[in-house]
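# What the coordinates show
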Amino acid sequence: MQKSFDRASGKYYHARLMSNEIVIDSISFAKKSESLQGKIAVGSLERVRESLASSQGEVEFRLQGKLDIQRRPNLILSISGQLALTCQRCLGDFVYELTLERRMVLVTSEALLPDLDDEDPDVDFVLADSKMNVQELIEDEIILGLPVAPKHDYLCIEIDADGMTNSSGAFAKLGKPN
């Protein structure tokens, strides 16, 4: 992995395809308004691979630290890429356009986490970590962002007059009962 640090601005870290672990001090990262961006090979996302039809490709990410108006440390994580999923209707593969943006407010103890009833649905509260693994954070967000039952955007199976399904997937090879 090639690393470079922009000493002129002191804020940006650019990473090539991630193959090694990148760890940040999340509070310091946010307070200093640091930024981290790069690409991760989909094949290196072990827990995500279990949900995919193929481990080919990569995802791009950008992690930005900042303080919000209430002076709370925040991480803004943007992730995009194309993932190969299996349609749950026809069992055929398709490309899923992944586009995520998450805002995470960092808290220093579990006591500072809001009650689920009081939590803002657009903001996640995360325990701060002086050794936060960025790839694990990205992998967690991808897993949470994947559809529960992935399917094509179009109707990929049809029901005929006999109530049987016709599809271009695995079930298309099965014959109709006699």
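In this text, all values refer to a predicted model and were calculated from it rather than measured experimentally. (Residues numbered from 1 in each chain as written. Predicted model: local features only at pLDDT ≥ 70, side-chain atom pairs only at ≥ 80, totals over all residues. Heavy atoms only, no water.)

## Here we look at the overall build of the chain
- When you go through the chain residue by residue, the secondary structure sums to 3 helices and 11 strands.
- The N-to-C order of helical and strand elements in the chain reads β-β-β-α-β-α-β-β-β-β-β-α-β-β.
- Considering the chain as a whole, with its 178 residues, one finds that 35% of them fall into the buried category.
- Of the contacts formed within the chain by residues at least 6 apart in sequence, a portion of 52% connects residues at least 24 apart.
- By element, 47% of the accessible surface of the chain is carried by carbon and sulfur atoms, the whole surface being about 11100 Å². (Helix = DSSP H or I, 4+ residues; strand = E, 2+ residues; numbered from the N terminus. Buried < 20%, exposed > 50% of the residue type's maximum accessible area, 1.4 Å probe, protein only. Contact = heavy atoms within 4.5 Å. Areas by Shrake-Rupley, 256 points an atom, 1.4 Å probe, with all protein chains shown as cover.)

## Observations concerning the pairing of strand S7 (residues 93–107)
- Strand direction decides the pairing type here: strand S6 (residues 73–86) and S7, joined by 13 bridges, are antiparallel. If you follow Leu83 over to S7, its bridge partner there is Tyr96.
- The turn joining S6 and S7, which pair antiparallel and follow one another in sequence, is formed by 6 residues; a positive phi near 65° is taken by Leu91.
- Inspection of the sheet shows S7 paired to strand S8 (residues 123–127) by 5 bridges, in the parallel sense. Within the sheet, the bridge partner assigned to Val107 lies in S8 and is Leu127. (Pairing = 2+ DSSP bridges.)

## Observations regarding helix H3 (residues 134–145)
- If you check H3, its first and last C-alpha atoms are 16 Å apart, about what 12 residues at 1.5 Å a residue would give, namely 16 Å.
- The complete set of buried residues in H3 reads Val134, Gln135, Leu137, Ile138, Glu139, Glu141, Ile142 and Gly145. (Expected span 1.5 Å × (residues − 1).)

## Some words on the nonpolar core
- In terms of nonpolar packing, the biggest core is built from 34 residues, with Val59, Leu63, Leu75, Ile79 and Ile142 touching the most fellow members.
- Elements represented by at least two residues in this core include exactly helix H1 (26–31), strand S4 (35–41), strand S5 (58–67), S6, S7 and H3.
- Residues contacting Leu75, with those up to four places away along its chain left out, are Ser26, Phe29, Ala30, Leu63, Gln64, Gly65, Arg102, Arg103, Met104, Leu106, Met132 and Leu137. (Core = buried A, V, L, I, M, F, W, Y, C linked by side-chain atoms within 4.5 Å.)

## Observations concerning the pattern of salt bridges
- All chains considered together, the criterion is met by 6 salt bridges.
- Its salt-bridge partner being Asp68, residue Arg72 comes within 2.8 Å of it at the nearest N-O pair.
- Classification of Arg72 as partly exposed rests on a relative accessible area of 28%.
- Arg102 is the salt-bridge partner of Glu141, the closest N and O atoms lying 3.0 Å from each other. Within this pair, whereas Glu141 is found in helix H3, its partner Arg102 is found in strand S7, the two being separated by 39 residues in sequence. (Salt bridge = Lys/Arg side-chain N within 4 Å of Asp/Glu carboxyl O.)

## Focus on the environment of Leu83
- Looking at where Leu83 falls in the secondary structure, it is placed in strand S6.
- Along the sequence, Leu83 and Gln56 sit 27 residues apart, while their C-alpha atoms lie 8.0 Å from each other.
- Contacts of Leu83, omitting those with residues within four sequence positions, involve Val42, Leu52, Val59, Phe94, Val95, Tyr96, Leu98, Ile142 and Leu146.

## Observations regarding the side chain of Gln135
- Take Gln135: it is sitting in helix H3.
- Within the structure, Gln135 has its side chain in polar contact with the backbone oxygen of Ser44 (distance 3.2 Å). (Polar contact = N/O pair within 3.5 Å; in protein donor to acceptor, adjacent residues only side chain to side chain.)

## Considering unusual backbone geometry
- Its identity as a non-glycine residue notwithstanding, Ser33 has a phi of 50°, on the positive side.
- Its identity is not glycine, yet Arg71 carries a phi of approximately 65°, on the positive side.
- A relative accessible area of 60% means that Arg71 is categorised as exposed.

Limitation: the analysis is restricted to geometry and does not speak to function.
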